[in-house]
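One-letter residues, chain by chain:
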Amino acid sequence: MPGTGVRIQPPVHLPDRREIQMAERGDESLVHTLKKVAAVLKQSEIPFALGGSFAVYAHGGHSSDHDVDFLIREADVERSLEALVAAGFDAHRPPEDWLVKVFDDGRMVDLIHRPIETPVTEETFADTVVRPVDAIHMPVLSATQLMVHKLLSFSQHYCDFARGLPLARSLREQIDWERVRKETQHSPYAEAFLVLLDRLEVVPEAGTPEGKGTP
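Residues numbered from 1 in each chain as written. Predicted model: local features only at pLDDT ≥ 70, side-chain atom pairs only at ≥ 80, totals over all residues. Heavy atoms only, no water.

(A) Structural view of the pattern of salt bridges. Across all of its chains, the model carries 13 salt bridges by this definition. The partner of Lys36 in a salt bridge is Asp104, with the nearest N and O atoms 3.0 Å apart. Here Lys36, found in helix H2 (residues 28–43), pairs with Asp104, found in strand E4 (residues 99–104); they are 68 residues apart in sequence, far enough to count as distant. A relative accessible area of 11% places Lys36 in the buried class. Assessed through its relative accessible area of 1%, Asp104 is described here as buried. The residue Asp76 makes a salt bridge to Arg73 at a minimum N-O spacing of 2.9 Å. (Salt bridge = Lys/Arg side-chain N within 4 Å of Asp/Glu carboxyl O. Helix = DSSP H or I, 4+ residues; strand = E, 2+ residues; numbered from the N terminus. Buried < 20%, exposed > 50% of the residue type's maximum accessible area, 1.4 Å probe, protein only.)

As structure tokens, this is what we get:
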């Protein structure tokens, strides 16, 4: 699906704390791309939620990843691609059947409709918090759901606990750990990570009053 060649230039603005933090990580250009995608989805009235590392940043946390992820419903995939291509993005359909991608001058954005093998639904969007990202307010996946997604991404093929530790440490007070344990109890990899967090005294043991955070 070819792009139209239109490029939207971001307005001049004073950077806020989160933007400075992102820019220091070398992500400034990704922030501009993120804003452009969010603006197009908003204008097209397509429900979405920001996920991935930039959702962690939006909550004031830290992440070892450098990606731009938006969650959308599968029913909105085609409409999202049409709107973004019309705005100058290039669309790509990878072999994986749970997401599509768009590119902004080489900067990649994932539009995910089935994270961790679970379809995005209205319940997904209900589990969000509106946060400012470089002066644009947008729904951001809750810290609890971000942690659940991270833990359920661990498998025998990918189990890098070092990439989950910054998220857990920086957002631990915003995470409902009892809910995380419940929703990831079927995964031995998630269980192992939670044991590690307990041994490192990052989170309290299950059943303690401090085990619940802000979802």
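Alright, that's what it looks like, and here's the rest.
(B) The arrangement of H2 in detail. In a regular helix each residue adds 1.5 Å, so 16 residues correspond to 22 Å; H2 covers 23 Å between its end C-alpha atoms and thus fits that length. The set of residues buried in H2 consists of Leu30, Val31, His32, Thr33, Leu34, Lys35, Lys36, Val37, Ala38, Val40 and Leu41. The first or second residue beyond H2 is Glu45, which carries a positive phi of 55°. (Expected span 1.5 Å × (residues − 1).)

(C) Up close: the packing of aromatic side chains. Overall, the coordinates contain six aromatic pairs when judged by the stated rule. Seen in terms of ring centroids, Phe154 and Phe193 are 5.6 Å apart; in terms of plane orientation they differ by 50°. Their pairing is tilted. With Phe154 in the loop between helix H6 (143–152) and helix H7 (165–171) and Phe193 in helix H9 (residues 188–199), the pair connects residues that are 39 residues apart, well separated along the chain. What makes Phe154 buried here is its relative accessible area of 3%. Their ring planes at 75° and their centres at 5.1 Å tell us that Phe161 and Phe193 sit as a pair that is edge-to-face. Separated by 32 residues along the polypeptide, Phe161 in the loop between H6 and H7 and Phe193 in helix H9 bring together distant segments of the chain. Comparing Phe161 with Phe193 shows no difference in burial state: the two are buried. An aromatic cluster of three or more residues is present, and its members are Phe154, Tyr158, Phe161 and Phe193. (Phe/Tyr/Trp six-rings, centres within 6.5 Å; stacked < 30°, edge-to-face > 60°.)

No statement about biological role is implied by the geometric values presented.
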